[in-house]
Amino acid sequence: MLTALAIAGTVVLGGVAAAPATAAPASPTDTVDYFDDAYEGLGSDSVYETVTFERFEYLLGQEGRFAFLIGGPEDAQTAATVGPINDVAKAAGVERIYNFDPRLDGDRLDIRTTTNADVAPLWARLVANALGKDTQTPFDGTDDPTLFVYDSAHVEGGAEDRIVSAITTPVTAEQLADPAALTAYKAEVAAVLGTAADLDTSDQFTFTEEVVNAKHASAYGGRDVYGGATVLGEADADWRVQTVTYPELVNLLESDGDYVLLFGGTWCHNTRAVLKEVNRQAVANDVAKVYFFDLRLDGNSGNDLHIRDTGSEFADFYGDLVTKYLPNLVTQYVPGVSGQVDYFPGGDTSKALATAKKLQVPYLLEYDRSRTLGGQPAPIAQQWIHSNGDGTYKEYMTEWWYVNDLPGRYADRPDPAGLAAQLAFADEAIAALGTFFDALPYDPEVVAAAPDAPAAPVSTVAGAGVTVSWTAPADGGSPITEYLVSLNGGAPVSAPAGTTTRTFTGLAAGEYTATVAARNTVGTSAASAASAAVTVAAAPAVDPTTVKGSVAVTGDLVPGGRITVVGTGLAPGTGGFAVELHSTPQTLGSATTNGDGGFTFTGTIPAATPAGAHSIVVTIDGVEVASASITVASAGSGAGSSAGLASTGTAFVDVLGWLAFALIAAGGAAYAIVRVRARRVN
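Reading the values: the criteria
- Residues numbered from 1 in each chain as written.
- Predicted model: local features only at pLDDT ≥ 70, side-chain atom pairs only at ≥ 80, totals over all residues.
- Heavy atoms only, no water.
- Salt bridge = Lys/Arg side-chain N within 4 Å of Asp/Glu carboxyl O.
- Helix = DSSP H or I, 4+ residues; strand = E, 2+ residues; numbered from the N terminus.
- Buried < 20%, exposed > 50% of the residue type's maximum accessible area, 1.4 Å probe, protein only.
- Phe/Tyr/Trp six-rings, centres within 6.5 Å; stacked < 30°, edge-to-face > 60°.
- Lys NZ or Arg CZ within 6 Å of the ring centre and 35° of its normal.
- Polar contact = N/O pair within 3.5 Å; in protein donor to acceptor, adjacent residues only side chain to side chain.
- Contact = heavy atoms within 4.5 Å.
- Axes fitted to C-alpha atoms, helices over the stretch in contact; angles between N-to-C directions.
- Parallel < 35°, antiparallel > 145°, perpendicular 65-115°, else oblique.
- Left-handed = near helix turned anticlockwise from the far one by under 90°.
- Nonpolar A, V, L, I, M, F, W, Y, C, P; charged D, E, K, R; others polar.
- Pairing = 2+ DSSP bridges.
- pLDDT = per-residue confidence, 0-100.
- Core = buried A, V, L, I, M, F, W, Y, C linked by side-chain atoms within 4.5 Å.
- Expected span 1.5 Å × (residues − 1).
- Arc of directions from axis to C-beta.

K.L.:
Whenever I open this one, the pattern of salt bridges confuses me. Can you help?
P.N.:
Oppositely charged side chains may form a pair once their charged atoms are brought near each other. The final tally for this structure, using the stated rule, is 19 salt bridges. Beyond isolated ion pairs, a larger network of salt bridges with shared partners links Glu49, Arg55 and Arg96.

Laid out in C-alpha cells, this is it:
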C-alpha cells in the first residue's frame with residue numbers, strides 16, 4: 001500500500017512508497033468479514049450480507065422471494081441466533097440472508113424508536129409501504145418478525161401477504177443453551193427458510209446499476225449531452241464496489257489490513273461520474289473489494305441523516321470517526337477558513353464542540369490502521385485529491401458527461417473556455433484514479449527518496465507562447481506527484497504528474513530558458529539544467545483601432561454604483577484604451593490590455609447619470625473598438641444588478657425599417673417610419 005495524496009492530477013504518496021513491482025499481485029488489498037468479526041463463534045463465509053437502508057428499501061420493492069434477518073450485534077436475540085440460523089441455511093443450500101440493522105450506527109440511532117423528525121419517518125415508511133402489508137405477521141411494533149421470508153407479490157385470500165413465513169417469538173442465548181430448545185429452534189428456522197430453490201438473491205451490481213441509472217436519467221432526462229440514460233451496464237457486471245453500513249465501516253477501520261474505501265452515494269452526481277471507472281480500475285488491478293460508504297445514512301436525505309454536516313444531530317458519527325481513524329485526512333476545506341464539521345463528541349451536548357475536517361464526495365482513499373509516518377499515526381496511505389501546489393487541495397468533483405467528453409450544460413450555454421477546463425479536470429480525475437490503483441499496495445520495507453532531477457527540457461516557440469517538454473525522471477520509489485516548471489528562473493508553475501509538457505502563453509518578446517523539477521511526498525528534486533534559449537519575437541505592429549473586441553459589464557447598475565468591465569479580443573499589450581459611458585460620453589477611466597488582448601476595469605457610474613438605456617464604450621485614439629448595452633436603474637430602486645450585453649466594436653449600422661405602413665381612416669392616410677439601430681451582438 002502506498003501513502004499518498006493526489007497532487008496536481010495524480011496520487012501523491014505520503015513519504016514511504018512501494019518499490020516498482022515486477023509482477024502485479026493477485027490480491028493487492030484485503031477484505032474483511034464483518035459477521036465473523038461481529039459475532040463470536042460464527043466463523044467466516046456465512047450466508048449473511050448486510051444491507052444499508054437504501055438497499056433494504058430497494059429489495060422490499062423487487063420481484064422475488066428474499067430471506068431477511070432484522071437486528072445487529074447489539075441485539076441480544078440477533079447475537080444468540082445468527083449461528084443456528086446460519087447452520088440451518090447452509091444445510092439447506094440457502095445462498096443469502098440479507099441483514100438489516102435498524103440501529104443505523106449500530107448503537108443509539110434506532111429508526112424504530114427515535115423521535116428525531118428526520119429519522120422516524122424511515123421506519124414508518126418501510127412499514128406502510130412493505131413490512132405492514134401482511135395478513136398474519138405484519139410489523140406493528142408488538143411481535144415484529146426477526147427472521148422472515150418476504151415476497152412483494154405474495155397474496156393470501158386476495159389480500160397482500162408479503163411476509164410469507166417468519167419467526168416472531170423472542171429467544172435468548174440461555175434458552176438455546178438447552179440442546180432440545182436449540183433443536184426445536186433450528187426446526188423452526190428450517191420451516192421459515194425452506195430450501196435454496198424457494199429463495200432468490202439480488203447482488204450488489206443489480207442494485208447499484210438500477211439505482212444509479214434511474215437517478216441519472218431522472219436528473220438529466222436521458223439527454224445525449226449529459227451522457228444518455230445509463231451510466232452502468234452489463235459490461236460492468238464484474239462489480240467490486242460493495243456498499244457498507246456504518247457499523248461495517250467502523251469495523252473495517254478497526255481491522256488490520258490494507259483496504260480501499262470510497263465515500264459517496266448513488267444520490268451524488270459527482271460520485272456517479274466516476275463510479276464506473278473506480279470499478280474498472282479495481283477489476284484491472286485485481287482489487288477484490290472497494291468498500292463504499294454513504295454519509296447520508298438513508299442514501300438520500302440532506303437533513304440530520306447527512307452526518308457530515310455541522311447541523312446534523314448525528315454529526316458526531318462523522319466527527320468522532322474522522323478524528324479517531326483518519327488523522328491524516330486532507331480535504332479542500334480548511335477548518336476555520338472555508339469549512340469544517342462541528343460536532344459534540346459522542347453526541348454529548350454537555351461537552352464543548354469539536355471540529356473535524358470536512359470531506360466532499362466522491363472521496364477515495366487507501367487505509368491501513370497500522371501505518372505511521374515520522375512516529376505519528378498516518379493510516380491513510382493514499383488520498384485521491386488534486387493539490388493546488390500551495391498546501392491547499394481541490395477534490396475531484398466532476399460530471400459523467402465531462403468524463404465522456406460531452407458538453408452537458410454548455411450545450412445550451414456555450415463557453416468554450418469553461419468547457420475545456422471542465423473536460424481537462426475530468427481527464428485529470430480519471431487519470432489520477434489509474435495512478436491510485438496502480439500504486440496499490442504499500443510496502444513498509446521500502447523507504448522512498450525524492451525523485452531524480454529531470455534532464456534538461458526542450459523549449460519550443462509558437463507565436464507568443466513557449467512550450468516546455470521533458471522526460472520523466474526516476475521517481476525515487478514514490479510516484480511523482482507534480483512537476484514544477486520555471487521560465488527564466490521565475491516562480492515555478494505546477495504541472496500534473498501525468499503530463500510532460502507545459503505551455504506558457506501571452507509572453508513578452510525576449511529570450512526564454514526553462515527548468516523542471518519533480519516532486520513526490522518525500523521531497524522535491526533539484527532543478528534540471530536549463531533548456532536551450534528560445535526567442536519570442538516581438539509581435540508585428542498592429543493598429544489597435546482596427547482590432548475589434550467585445551466587452552461585458554457586471555455590477556451595481558445605478559447612479560454611483562460600482563461596475564466591472566471585462567474586455568476581450570482587443571489589441572494585445574496595448575495601453576491607452578478609454579472606458580466611457582454613453583449616451584453623452586463620459587470617461588470612466590483607462591485600461592491596458594494583457595498579452596491576450598483582455599483587460600478588467602473597475603469604475604463608478606457617475607452619480608448624475610439618468611435612469612434608462614446607456615452603453616459602455618471602449619475607445620482608443622477616439623475610435624470605438626467595443627461596446628455593451630446597459631440599463632441604469634434609478635437610485636434606490638433595487639433593480640441595478642443587470643449585466644450589460646457584450647457587443648463587438650463594429651460600427652453601428654442604421655437600418656431603415658418598417659417603411660410604408662399605411663393607415664387609412666376618415667378619408668385620410670398616415671404612415672409611420674420607424675428607424676431602428678442594429679448592432680451585432682456576440
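K.L.:
Would you explain unusual backbone geometry in this entry?
P.N.:
Excluding glycine, a negative phi dihedral is what most residues carry, and trans is how most peptide bonds are arranged. The step from Val361 to Pro362 runs through a cis peptide bond, and the omega angle for that step is 5 degrees. Tracing the backbone shows Pro362 in the loop between strand S14 (354-356) and strand S15 (363-367). The omega torsion across Leu440 and Pro441 is -10 degrees, close enough to zero to call that bond cis. Of note, Pro441 is situated in the loop between helix H12 (416-438) and strand S21 (458-462). Phi is positive for Asp621, which is not a glycine, with a value near 55 degrees. In this fold, Asp621 is placed in the loop between strand S34 (612-620) and strand S35 (623-632). When its relative accessible area of 65% is taken as the criterion, Asp621 is described as exposed.

K.L.:
Help me understand the packing of aromatic side chains in this model?
P.N.:
Aromatic ring pairs are defined here through the distance separating the ring centres and the angle between the ring planes. As enumerated under the stated definition, the model contains 29 aromatic pairs in all. Each ring, one from Trp123 and one from Phe139, has its centre 5.9 Å from the other, and the planes form 75 degrees; the classification is edge-to-face. Highlighted residues: Trp123 in helix H4 (residues 120-131) and Phe139 in the loop between H4 and strand S6 (147-151), separated in sequence by 16 residues. Aromatic side chains Phe263 and Phe293 sit 6.2 Å apart centroid to centroid with 90 degrees between the ring planes, which places their arrangement in the edge-to-face category. With Phe263 in strand S11 (residues 259-263) and Phe293 in strand S12 (residues 290-293), this residue pair connects regions lying 30 residues apart in the sequence. On the basis of relative accessible area, Phe263 is assigned to the buried category, the value being 1%. What makes Phe293 buried here is its relative accessible area of 2%. Taken together, the aromatic side chains of Phe53, Phe56, Phe66, Phe68, Tyr98, Phe100, Trp123, Phe139, Phe148 and Tyr150 make up a single cluster linked through ring pairs. Geometry around Phe425 places Lys394 over its ring, the cationic atom sitting 4.3 Å from the centre. Across the ring face of Tyr410, the terminal group of Arg409 is positioned such that the distance to the ring centre comes to 4.3 Å.

K.L.:
How should I be thinking about the side chain of Arg55 in this particular structure?
P.N.:
Tracing the backbone shows Arg55 in helix H2 (residues 53-60). When its relative accessible area of 0% is taken as the criterion, Arg55 is described as buried. A distance of 2.6 Å separates polar atoms of two side chains, one belonging to Arg55 and the other to Glu49. Ignoring any residue separated from it by four or fewer positions in sequence, one finds Arg55 in contact with Glu49, Thr50, Tyr98, Ser202, Asp203, Gln204 and Phe207.

K.L.:
In this structure, what is going on with the packing of helix H7 (residues 204-220) against helix H9 (residues 269-284)? I would like to understand it.
P.N.:
Each packed pair of helices is defined by two parameters, the angle between the axes and the distance between the axes. H9 packs onto H7 with a crossing angle of 130 degrees between their chain directions and a minimal axis gap of 11 Å. Relative to H9, the element H7 lies oblique. By crossing handedness, the relation of H7 to H9 is classed as left-handed. When H7 is examined against H9, the residues Thr208, Val212, Lys215, His216, Ala219 and Tyr220 are found in contact with a partner set consisting of His269, Arg272 and Leu275. Class assignment of the residues belonging to the contact of H7 with H9 gives a composition of four nonpolar, three polar and two charged.

K.L.:
How should the sheet that holds strand S9 (residues 163-167) be read in this particular structure?
P.N.:
Through backbone hydrogen bonds, the strands of a sheet pair up, either in parallel or in antiparallel fashion. Ordered in space as S3-S5-S4-S6-S9, the five strands form an open sheet in which the pairing is mixed. Among the strands making up the open sheet, the edge pair consists of strand S3 (48-50) and S9. Ignoring strand direction, the axes of neighbouring strands in this sheet form an average angle of 30 degrees. Across three bridges, S3 lies against strand S5 (residues 97-100) in parallel orientation.

K.L.:
Where do I start with the confidence of the model for the chain in this structure?
P.N.:
Caution applies to low-pLDDT parts of the model: their predicted coordinates are not meant to be read in detail. Summarising the model, the chain shows a mean pLDDT of 88, and 88% of its residues fall at 70 or more. Below pLDDT 50 for its whole length, residues 1-25 participates in 126 contacts with residues either more than four positions away or in separate chains. Note that pLDDT drops below 50 for residues 642-682; the model gives that stretch 75 contacts with residues more than four away or on any other chain.

K.L.:
What should I look at first to understand the nonpolar core in this one?
P.N.:
Proteins that are soluble and globular tend to have nonpolar side chains buried together. One finds Phe263 and Leu326 to be the most contacted residues of the largest nonpolar core, which totals 65 residues. When near neighbours in sequence (up to four residues on either side) are disregarded, Phe263 contacts Leu249, Phe292, Phe293, Leu295, Leu326, Leu359, Val361, Pro362, Tyr363 and Leu365.

K.L.:
So what exactly am I meant to see when it comes to helix H6 (residues 179-193) here?
P.N.:
Since the α-helix advances by 3.6 residues per turn, residues separated by three or four positions end up pointing in the same direction. For H6, spanning 15 residues, the distance from its first C-alpha to its last is 21 Å, which sits close to the expected 21 Å at 1.5 Å a residue. All of the buried residues in H6 are Tyr185, Val189, Val192 and Leu193. End-on view of H6: buried residues confined to an arc of 85 degrees, all on one side of the axis. Turned more than 90 degrees away from the buried face of H6, the exposed residues are Pro179, Ala180, Thr183 and Ala191. Immediately downstream of H6, the backbone of Gly194 shows phi near 70 degrees, a positive value.

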